[in-house]
Amino acid sequence: MSVGVLLLVHTAFDRAEQVARIWADAGCPVVIHVDAKVSGQEFDAFKAALSDLNDVRFCQRHKCVWGMWGLVAATQSAAEVMLAEFDDVRHVYLSSGSCLPLRPIDELRAYLDARPRTDFIESANTAEAPWAVAGLEEERFTLFFPFSWQHRRWSFDWLVDLQRRLGVKRKLPEKLVPHMGSQWWCLTRQTLSAILQDPRRADYDRFFKSVWIPDESYFQTLARLYSTQIESRSLTLSKFDHHGKPHVFYDDHLQLLRRSDCFVARKIWPKADRLYQVFPDNRGEEVNQAGPNPSMIDQLAAKATKRRISGRDGLYMQSRFPDPHFESGVTAAPYSVFQGFSDLFEDFESWLALTSGCKVHGHLFALDRVEFEDRAPVYRGALSDSARARDYNPKSFLTNLIWNTRGERQCFQYGPQDNQANNWLMAKDPNAQISVISGAWAVPLFKSNSNFEDIRRDAAWMQKQEAEFLKVLRSPWIKAKIRIWTMSEFVDAPVEPLQVIVDEIGTYPQNRLTWLPKMTDLTGFGQFVQNLKNQGMHPHLLGEFPVDPQQPSPQTPSRRPYLVQ
Amino acid sequence: MGLWSTYKLRLRRKRYLLRARRKARQLTSVQDHTAQIKPGDTLLVCTLYNEAIRMPYFLRYYRDLGIDHFLIIDNDSDDGVMDHLEGQPDISVWHTAGSYKAARFGVDWMNALQRRYCHGHWTLVVDPDEFFIYPFCDSRPIQALTDWLDAANQRSFPAMLLDMYPKGHLTDQAYQSGQDPLEIAQWFDPGNYTISTNPQLGNLWIQGGPRARVFFEDVPKNAPALNKTPLVKWDRSYAYASSTHSLVPRGLNKVYEEWGGEKTSGILLHTKFLDTFTEKAKEEAARNQHYAGGAEYAAYAKALKDHPELWCEWSEKYINWRQLEILGLMSKGSWA
């Protein structure tokens, strides 16, 4: 006989009984503490159910409220009974009614026999290693906490606030260095009795009665005074979520639990019949001497916490709807916006698709319809090409598209004639790469067969729209990757900008662009610009175009016709 | 939120509760097994009209999920629905010939029953064509979820309505009583949902899916709301405001995270679109008992004539909850 078990029980008595039997049947004495809040009737029934077991004792009952002293008092009472009544016990294992031994108790006993002087208690110095559950780290020890955080939150918060303002700072009893860690430990008789029989125990108890969550710090701190060999980890597998609530294990965790090689796990859902049926389990091996290795479960818990705290970037759904001011992760993946390129180049979309390997759409925000790749009527995620549906919630449209296509970069054309609702959203989105050839909207007007008066009016309107967009793109709050050229700059030297963009987004590794998109014929464009000016509409976003009609040739970028005076 | 608006919401809640009490007089108990309800039982509340064909599978599905007692309001069905309910110890039935519309689309009746029988119970409110799924629903009964919600001090749980539909014409495959409707309506729209917030009650307003895509393409604003909060640890002071889309007090609607994280959520698989739907749409359009003057059903009746297929190239075939989790339609949150 070497291991004694303290069992803290407050609910699910059928399972608690089952667990007590598992321990007792393996020859471990068990001391049970039942929460004083449990009715006398339930307590008597529970006690009666276990009356056939010789080495099971019940200790004095205390009222246990989460985060309060009662849990420590309960542990102390149970430990005192254990030490007084069972002389053979060398290790005392603190456990609860919702803890379940995963491996045969003999394996635990062998493990402890091989480490007879070791205290297994997670105990981290609060000053050096701030504890995982944020807030109130140092202050747990230096303020007073007479109110329950769970039941009297308002009073709790009020008093903490008041004490902070008054500058309350309790002095720790001499020699104590605050340590914290998992509530579930396994201590040697030597260490545990030293803690319980310390002549200064009354002082320590008085101090810890006003500490917040003392069950995570009382034994963890005091063990440091007496233990000769602390192994700072818990033998009980127990994970917490971001609110400090324990993770619960269900039947579908069976394989994970089995592979963890942990001796005891908490907390088990009381109705997880399969787990209670299977464990403790020896994995079909003769003797398993492996130490606990809960890394898979650690990962599971870490993922869950990450999902709850940061979630999936760019996802908007029923239980994740970031505030408009929440700036990180506007969209799910990088995408590119091209303004003016398809005006200047006749085959820009197909060229970009072939050169970069990305999905290239037309004007997604065109007024009459959504121009999906190949002008599909429906696209990924069953997005409709209806402009009305899109304009009903343009933000959802864009974030949905990017979410639905994650893994494949999306590129789309944009222009002053399109719905401008997402200008700010895109400009503030680090995933957006926005390239603008300003003034290129003049090209379709130049090619159009409209009356000049209409052209003039459209040009003025589009210039105004584009100027608004450029103003957004030049604001100090932008996070997108933005490049802006005037049309004259771009026409002058188109190769390098195209090269830079394709290098940045392309999926194929390549050195130099082997072919360029076909630039539209600009013969007479200079005169067109001059005509606009003559009509009093000054197209300042285009840059300088001389009246002299000369066709630029992007294929031979060394020629710079527009620099000729 | 100012004192005045808080007070107005309180009045609104009181008004709903008063309405519920008034409309409760329209309900006559047909079969009362509510004495069987034990503390801690999970309850289901449902209003139905001529849905007998769906009952066998519906009851089996929810019994398997772990529902302990069904509270059913029969809005004057004439298709023999009682044959499926009569004598079942876990089902209580009320009958009413009252107007569905005047009872705010059944909400007043349900609020009344919930106030009376569901206080302190986790209560699921669904229609006969809605199937509730949640993370791990294939391995954990609904009590696992509600126990976890209790431990997390969470009083309500969201489950967006996901419209399911068959490939091909709705009338191509005939639904048989007892059959899993998902065998026919296997497809859904994976990523075309639009979301905005309702500043008054704090709930999200979600629209989209095949109904918005096909029936309401030109008037997307009128597309039906898909956000729902069907599972609530009921208290007699609570009331559903508009169907199960929103509740008062408004804190119950705060089922989403605003600062980046994901809360846990489920889905209501909505199997309205079976061969029975064409008939139902005509019937309901004539009955004119639905929201917005039955405009929804009028739109269906009209569109179904010339736009027979909901399926499209980018429809997704339903596999399980994990698929919906990956698609981002629901979330495990911190439940692992």
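Shown above is the structure to which this text applies.
Figured I'd write up the structure that's included with this text. Please read these numbers as outputs of a predicted model, since none were measured by experiment. (Residues numbered from 1 in each chain as written. Chains lettered and ligands numbered in written order. Predicted model: local features only at pLDDT ≥ 70, side-chain atom pairs only at ≥ 80, totals over all residues. Heavy atoms only, no water.)

**Observations concerning the overall build of chain A**
The helix and strand tally for chain A stands at 22 helices and 19 strands. On C-alpha atoms alone, chain A measures out to a radius of gyration of 36 Å, which is more than a quarter above the 24 Å that the 2.2 N^0.38 rule sets for 565 residues. Along the first, second and third principal axes, the C-alpha atoms of chain A reach 110 × 60 × 45 Å. Considering only residue pairs separated by 6 or more positions, chain A has 75% of its internal contacts joining residues 24 or more positions apart. Here chain A displays about 24,800 Å² of accessible surface, and carbon together with sulfur accounts for 50% of that area. Where the 67 positive side-chain charges of chain A centre and where its 68 negative ones centre are 3 Å apart. (Helix = DSSP H or I, 4+ residues; strand = E, 2+ residues; numbered from the N terminus. Rg over C-alpha atoms; globule rule 2.2 N^0.38 Å. Contact = heavy atoms within 4.5 Å. Areas by Shrake-Rupley, 256 points an atom, 1.4 Å probe, with all protein chains shown as cover. Lys, Arg positive; Asp, Glu negative; His and termini not counted. Charge placed at Lys NZ, Arg CZ, Asp CG, Glu CD.)

**Topic: the sheet that holds strand E17 (residues 410–414) of chain A**
All names here are of chain A. Judged by pairing direction, the sheet is parallel, and its five strands sit side by side in the order E14-E17-E13-E18-E19 without closing on themselves. Edge positions in the sheet fall to strand E14 (359–363) and strand E19 (481–486), since each of these pairs with one other strand and no more. Averaged over all pairs of adjacent strands, the angle between strand axes in this sheet comes to 15 degrees, irrespective of strand direction. Pairing of strand E13 (residues 335–339) with strand E18 (residues 432–438), which is carried by five bridges, proceeds in the parallel orientation. Bridged to Phe338 within E18 is Ser435. (Pairing = 2+ DSSP bridges. Axes fitted to C-alpha atoms, helices over the stretch in contact; angles between N-to-C directions.)

**Some remarks on the pattern of salt bridges**
Counted by the stated rule, this structure contains 46 salt bridges over all chains. Measuring nitrogen to oxygen at the nearest pair gives 2.7 Å for the salt bridge that ties Asp161 of chain A to Arg165 of chain A. Of this pair, Asp161 of chain A and Arg165 of chain A both sit in helix H6 (residues 153–166), four residues apart, which is roughly one turn of the helix. Owing to a relative accessible area of 34%, Asp161 of chain A belongs among the partly exposed residues under this scheme. Look at Arg165 of chain A and you get exposed, because its relative accessible area is 68%. One salt bridge connects Arg63 of chain B with Asp90 of chain B, and the closest N-O pair in it is separated by 2.8 Å. Note that Arg63 of chain B is positioned in helix H2 (residues 55–65) and Asp90 of chain B in the loop between helix H3 (82–85) and strand E4 (91–95), a separation of 27 residues in sequence. (Salt bridge = Lys/Arg side-chain N within 4 Å of Asp/Glu carboxyl O. Buried < 20%, exposed > 50% of the residue type's maximum accessible area, 1.4 Å probe, protein only.)

**Remarks on the pairing of E4 of chain B**
Residue and element names in this part refer to chain B. For E4, a buried count of four out of five residues is recorded, marking the element as mostly surrounded by other parts of the structure. Two strands pair when backbone bridges link them, and strand E1 (residues 28–31) and E4 are joined in this way by three bridges, in the antiparallel orientation. From the neighbouring strand, Thr28 faces E4, where its bridge partner is His95. Taken together, the five bridges between strand E3 (residues 69–74) and E4 define a ladder with parallel strand orientation. Paired with Ile73 across the two strands is Trp94, which belongs to E4.

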